[in-house]
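Reading the structure
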Amino acid sequence: MTLELGDLLAIKGAITKEVFPLVHQAVRAVAFQTSANWQQAVLQQGGLWSGEKDRYAQSITWKMTGDFTAVVEASYEGAVGIENGRPGRDLKKMLNTSDKVRRTEKGKRFLIIPFRHQTPGNNAHAPAMPESVYAMAKALNASRVTGQGQRPSGQMVHLNPKSGMSASALHSPFLSDPKTKGHAMVNQNHYQWGGRLNTKGMEGLTPQQRRNLNGMVRFDTGTSQTPHSTYLTFRVMIEGSKGWVTKPEPGRFIAKGVTDKMQPLALAAMTEAIKRTLG
């Protein structure tokens, strides 16, 4: 996202080097203030996660591009979507491109998607779990990654909502490796599972929270000197399901709002600078 102050001021064609000192200073001041106002407007915007707002605001910079021109811009890759709106997306399209897919015995492709849950006080990237849930989750016996192996891409498995996955005797090739002519292989973690959170009947939670947090596991991801835990749930994304579709988000037009407010102030600053220079 870029704000050209030449367009904002709408008077750069009338500026000459003879009025350099005060006008140059005025352009710098307007660029600086526009940058500061833009950052503040982003940080005060509702409906965005704090981590996203922080990355957007921190990416806003300004620089002089000439004696009397400047540019204020944001390099955050998500800025355009925030400003102009984001269309709804069917996330299941990744089943068409990911080599991590597995298949049910009926031939439906699916992926196991991990969701990380934030602890209270750490909600930069997603809502933090409630204190009551955290108290139970941190007491769970830890799950661990015990090693890593490989499995065929598109492996056919018996999928059971209670017992999980197990290899199926019906497996057939899915992707082939052009070098070996055999199955294309992908990395696979091996786990030692610990406790799982059961939110059934848990008080103080909405039905949606119960669904989202049920089955949570705790992984020890720190060291003995700096212990740390990561909390995850796993969900199945399967082709043909109605879910995994994001809602469209309207544009917030933060930059436009800043520009509209700054334009009369910038014009007044330029006019005053020229008047003082010309006496």
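One key point about sheets: their strands pair by backbone hydrogen bonds, in either a parallel or an antiparallel sense. Reading across the sheet, the four strands line up as S5-S6-S12-S11 and stay open at both edges, with antiparallel pairing between neighbours. In the strand order of this sheet, the two ends are held by strand S5 (102-103) and strand S11 (217-220), each with one partner.

A few words now on the pattern of salt bridges. Summed over all chains, the structure comprises eight salt bridges. Here Arg86 and Glu52 are joined by a salt bridge, their closest N and O atoms 3.0 Å apart. Pair noted here: Arg86 is in strand S4 (residues 85-86) and Glu52 is in helix H3 (residues 50-58), with a separation of 34 residues, a long-range link. Looking at Glu52, the relative accessible area reads 12%, which means it is buried. Close ionic contact of Arg144 with Asp220 constitutes a salt bridge, the shortest N to O distance being 3.6 Å. Taken together, the positions of Arg144 in strand S7 (residues 144-152) and Asp220 in strand S11 put the pair 76 residues apart, joining distant regions of the chain. Classification of Arg144 as partly exposed rests on a relative accessible area of 41%. It is possible to trace a salt-bridge network through shared partners that takes in Glu52, Arg86 and Glu249.

Now for the confidence of the model for the chain. Averaged over all residues, the pLDDT of the chain is 87; the fraction at 70 or higher stands at 91%. Ranking the helices and strands of the chain by mean pLDDT puts helix H4 (residues 79-84) first, with 96, and helix H1 (residues 5-9) last, with 57.

The pairing of S5 with strand S6 (residues 109-117) spans two bridges and is classified as antiparallel. Across the sheet, Arg102 pairs through a bridge with Phe110, a residue of S6. Linkage of S5 to S6, two consecutive antiparallel strands, is achieved through a turn of five residues, within which Gly107 is found at a positive phi near 90 degrees. As defined by bridge partners, S6 adjoins strand S12 (residues 229-238) across eight bridges and the pair is classed as antiparallel. For Arg116, the partnering residue across the bridge sits in S12 and is Leu232.

You can see Trp62 is positioned in strand S2 (residues 60-64). On the basis of relative accessible area, Trp62 is assigned to the partly exposed category, the value being 27%. C-alpha of Trp62 to C-alpha of Ala31: the two residues are 31 residues apart in sequence and 6.3 Å apart in space. The contact partners of Trp62, leaving out residues within four places of it in the chain, are Arg28, Ala31, Phe32, Ser35, Val71 and Val72.

How each quantity is defined
- Residues numbered from 1 in each chain as written.
- Predicted model: local features only at pLDDT ≥ 70, side-chain atom pairs only at ≥ 80, totals over all residues.
- Heavy atoms only, no water.
- Pairing = 2+ DSSP bridges.
- Helix = DSSP H or I, 4+ residues; strand = E, 2+ residues; numbered from the N terminus.
- Salt bridge = Lys/Arg side-chain N within 4 Å of Asp/Glu carboxyl O.
- Buried < 20%, exposed > 50% of the residue type's maximum accessible area, 1.4 Å probe, protein only.
- pLDDT = per-residue confidence, 0-100.
- Contact = heavy atoms within 4.5 Å.

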